[in-house]
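# Descriptive analysis of the structure
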Amino acid sequence: VESDPELDRLFPEFYASRIEVRTGDGRRLVRRNDIARGYPETPMTPEELDDKFRALAGSVCPPARIAALSAALDSLAEAPDLTALAAALGAPVA
């Protein structure tokens, strides 16, 4: 990973990135992306969002806690209060 002055100038309006790959046969493949995945202009699918949540939460939480958090968040709009979410968030991390 390297800083790129051209892309750095776009920040904070854009979180731009460019990746370059040189293949074994000498080809140079380049792709630039000005808007990071997950922004309103490039939304993630519900499945991608769930996968990201599980991957990030999985780095600090056991599977049972991830399941409790996920269930509490999934039912938040219909929940009568925040008890389930507070319980899932307040559980100690093992």
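These remarks concern the structure in this document.

Each value, and the rule that gives it
Residues numbered from 1 in each chain as written. Predicted model: local features only at pLDDT ≥ 70, side-chain atom pairs only at ≥ 80, totals over all residues. Heavy atoms only, no water. Core = buried A, V, L, I, M, F, W, Y, C linked by side-chain atoms within 4.5 Å. Buried < 20%, exposed > 50% of the residue type's maximum accessible area, 1.4 Å probe, protein only. Contact = heavy atoms within 4.5 Å. Pairing = 2+ DSSP bridges. Helix = DSSP H or I, 4+ residues; strand = E, 2+ residues; numbered from the N terminus. Phe/Tyr/Trp six-rings, centres within 6.5 Å; stacked < 30°, edge-to-face > 60°.

This part is about the nonpolar core. Generally speaking, a soluble globular protein has its nonpolar side chains buried in company with each other. Core analysis: the largest hydrophobic core is formed by five residues, namely A57, C61, I66, L69 and A88. Discounting chain neighbours no more than four positions away, the residues touching C61 are I66 and L69.

A word on the pairing of strand 2 (residues 28-33). In terms of strand pairing, strand 1 (residues 17-22) meets strand 2 through six bridges, oriented antiparallel. If you follow E20 over to strand 2, its bridge partner there is V30. Following strand 1, the chain reverses through five residues before pairing antiparallel with strand 2; G26 in that reversal takes a positive phi of roughly 95 degrees.

Turning our eyes to something else, we now look at the packing of aromatic side chains. Scanning the model with the defined rule gives two aromatic pairs in all. A ring pair is formed by F11 and Y15, whose centres lie 5.1 Å apart and whose planes are at 90 degrees; its orientation type is edge-to-face. Residue class for F11 comes out partly exposed when judged on its relative accessible area of 47%. By relative accessible area, Y15 is classed as partly exposed at 42%. Grouped by ring-pair contacts, the aromatic residues F11, Y15 and Y39 constitute a single cluster.

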